Amino acid sequence: MPHTSRRLRAALLVTASAALVAATLPAPEPLGIGDRLFPHLGNPGYDVLAYDISLTYRGKNTEPLDAVTTIDARTTHPLERVNLDFAVGTVEAVEVDGRAAEFATRDEDLVIRPPDRLPAGVPVRITVRHTSDPSGDPSRGGWVRTADGLAMANQADAAHRVFPGNDHPADKAYFTFRVTAPNDLTVVAGGLPAGRRRHGDTTTWTYRTAHPMATELAQVSIGRSTVPHRTGPHGLPVRDVVPSADRDILEPWLDKTPKHLAWMEEQVGPYPFETYGLLVADTETGFELETQTLSLFERSLFTEPAYPAWYIESVMVHELAHQWFGDSVSPRVWSDLWLNEGHATWYEARYAEEHADKPLEQRMREAYSHSDAWRAAGGPPAHPDPPSPDHKISLFRPVVYDGSALVLYALRQEIGADAFDRLERAWVRGHRDRSATTADFTRLAARIAGRDLTAFFDGWLFGEKTPPMPGHPDWRGATPRTAAGPRAAVPAPKPG
């Protein structure tokens, strides 16, 4: 993808004992790592290595879940305080390396004072006992209430509405999820199963990722679900999560995933994770979302007759392509979003061309005609305007979808198809499991092309106006009155 400020005002503390702790802590200050688009997200001074998130769901998706989040990190600077991003839930207690720590909240930061000053370069374990509340405005992201339970939609700045952490894709980490739910419900999370234990009327399900993950890509599904299994390329385990009542009607779509995986591997190389699958949720979000190893889809995408079959498949490929572009290789800052959405849109369009006779050149020519209007409305691809304070998902504009795929089309025109294909493979191979920047991409492109591409990228990524298209000097922009968008005829939800 695939939200106002998610910065809600939280009470300092809610219990009398917590108030006494807070009274000894000087006024907490919210911090951030200085992201131009989300300046309050992320926190300096430490690198998260792993999250262990325990959740207890009692069967009602409007009630808070009891939660314990344990964060293993390493300090990068001396710290007298540790800031975590967290909002919506109630913090009950905090420990640092097994010792009780003072804490308070400010805006959407949880500010912790360890018992002792932390030097640089040391491991630290932070345990937060808290609630995780799904009852808020779903348009702000975080927990998504479904017809029979919950799922997550944390992009771009909403993971900290579910659990405390360093909520920025620059700090990826391994995740373990331990979710306790009534026995008649099924729990699936990102990664692979790591155990299931029944105790009385409840079952605890454990999942663990084999690769680091950005907080925005975390996924937990709780509901009356069926989990069909199949095999992808090279024996890859593919598992989907669908409402049990919809298993039969969804099966023809789910059965396409191995073919999609094989096609993407032909384009860019091996699938980068331990498993993949679709989470089909009976809910309305207005988008689909590339949560790592388990992409979130609205049920209506597959059941609404107005959506052509070719379009549904192209959206499936879009979210799958994100597993390489955006998930395995994550943005270092949110201005690098064009690398996520531009690539996912590129492979979506390529697939539609090869399998549904939807010419790529025609789509790119139409995108070119709208590109100047998109840039005027939302900024150039690699320097987008900030999202509106009350609607952060507004960052996901046409300029970062077809407008950014257009940049990739222009680059292939400029350096040739062979060099472009080598670039794509080298990009996902060289930056696997890491966060990377626009500058990383442009340097790699220049190295593979064997020449300076500074002027090309300056215009295409940062220019107010769209440069001439290499090889197509006749392409022209549309008048503002007609610059709507290349898929306006398809009344479909936005891919993530």
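Treat the numbers as computed from the prediction; the structure is a model and nothing was measured. (Residues numbered from 1 in each chain as written. Predicted model: local features only at pLDDT ≥ 70, side-chain atom pairs only at ≥ 80, totals over all residues. Heavy atoms only, no water.)

**As for the sheet that holds strand 6 (residues 102-106)**
Quick reminder of the rule: At least two bridges found by DSSP between two strands is the condition for calling them paired. What counts as a helix is a DSSP run of H or I of at least four residues, what counts as a strand is a run of E of at least two, and both are numbered from the N terminus. Helix axes use the C-alpha atoms of the stretch in contact, all axes being lines fitted to C-alpha atoms, and the angles between their N-to-C directions lie in the range 0 to 180 degrees.
Read across the sheet, three strands follow the order 3-7-6 without closing on themselves; strand pairing throughout is antiparallel. A strand with exactly one partner marks an edge of an open sheet, and here the two such strands are strand 3 (82-85) and strand 6. For this sheet the average axis-to-axis angle between neighbouring strands, irrespective of direction, equals 25°. Where strand 3 and strand 7 (residues 109-113) come together, four bridges link them in antiparallel fashion. The residue bridging N83 from the neighbouring strand is V111, located in strand 7.

**Overview of the environment of T231**
For clarity, the cut-off: Whether two residues are in contact is decided by their heavy atoms: any pair within 4.5 Å suffices.
Assignment of secondary structure puts T231 in strand 17 (residues 229-231). When the C-alpha positions of T231 and L423 are compared, they lie 29 Å apart, and in sequence the two are 192 residues distant. Those residues in contact with T231 that lie beyond four places of it in its chain are L236, V238 and P258.

**Describing unusual backbone geometry**
Here the amide bond leading from Q155 into A156 is cis, since omega sits at 0°, within 30 degrees of zero. Topologically, A156 is positioned in the loop between strand 10 (149-153) and strand 11 (174-182). Located in the positive-phi region is D97, a residue other than glycine, with phi close to 50°. Its location among the elements puts D97 in the loop between strand 4 (91-96) and strand 5 (99-100). Backbone geometry places D107, a non-glycine residue, at a positive phi of 55°.

**Some details on the confidence of the model for the protein chain**
Here is the rule: pLDDT is a residue-level measure of predictor confidence that goes from 0 to 100.
Counting all residues, the mean pLDDT for the protein chain is 91, and 91% of those residues have values of 70 or more. A low-confidence stretch, residues 2-23 stays under pLDDT 50, and its non-local contacts, those more than four residues away or across chains, total 68 contacts. pLDDT under 50 marks residues 481-493. Its contacts with residues more than four places away, or in other chains, come to 30 contacts.

**Points about the sheet that holds strand 14 (residues 202-208)**
Pairing is mixed across the open sheet formed by eight strands, whose spatial order is 5-4-8-2-1-11-14-13. Looking at which strands have only one partner, the edges of the open sheet turn out to be strand 5 and strand 13 (192-199). Note that strand 2 (residues 65-75) and strand 8 (residues 123-132) share 10 bridges and pair antiparallel. Counterpart to L65 in the pairing with strand 8 is S132.

**Quick notes on the pattern of salt bridges**
A side chain of one charge can pair with a side chain of the opposite charge when the charged atoms of the two come close. How we decide: Salt bridges, as used here, are contacts in which a Lys or Arg side-chain nitrogen is within 4 Å of a carboxyl oxygen on Asp or Glu. Working definition: with a 1.4 Å probe on protein chains only, accessible area under 20% of the residue-type maximum means buried, over 50% means exposed, and in between means partly exposed.
For the structure shown, the criterion picks out 21 salt bridges. A salt bridge links R247 to E251, with the shortest nitrogen-to-oxygen separation between them at 3.4 Å. With R247 and E251 both in helix 2 (residues 247-254), this residue pair falls four residues apart, about one helical turn. In this structure R247 comes out as partly exposed when scored by relative accessible area, which is 31%. Taking the relative accessible area as the measure of exposure, E251 reaches 23% and is therefore partly exposed. Through salt bridges with shared partners, a single ionic network connects R230, D240, R247, E251 and D255.

**Some details on helix 11 (residues 454-462)**
Note: α-helices contain 3.6 residues per turn, so residues at a spacing of three or four share the same orientation. Taken together, the buried positions of helix 11 are occupied by F456, F457, G459, W460 and L461. On the buried face of helix 11, the contacting elements are helix 6 (337-356), helix 7 (360-378), helix 8 (402-415) and helix 10 (438-449).

**A closer look at the nonpolar core**
As a reminder, the rule being used: Put simply, buried Ala, Val, Leu, Ile, Met, Phe, Trp, Tyr and Cys residues joined by side-chain atoms within 4.5 Å make one nonpolar core.
I112, I126 and F302 are the most contacted members of the largest nonpolar core, which totals 137 residues. Non-local contacts of F302, meaning those with residues more than four positions away in its chain, are made with L250, W253, L278, V280, F297, I312 and M316.

**Describing the packing of helix 6 against helix 7**
This is how the line gets drawn: Roughly parallel refers to an angle under 35 degrees, roughly antiparallel to one over 145, roughly perpendicular to one between 65 and 115, and oblique to any angle outside these ranges.
Viewed as axis vectors pointing N to C, helix 6 and helix 7 meet at an angle of 140°, and their least axial separation amounts to 9 Å. Accordingly, the angle class assigned to the pair helix 6 and helix 7 is oblique. Touching T345, W346, E348, A349, R350 and E353 of helix 6 are L360, E361 and R363, all from helix 7.

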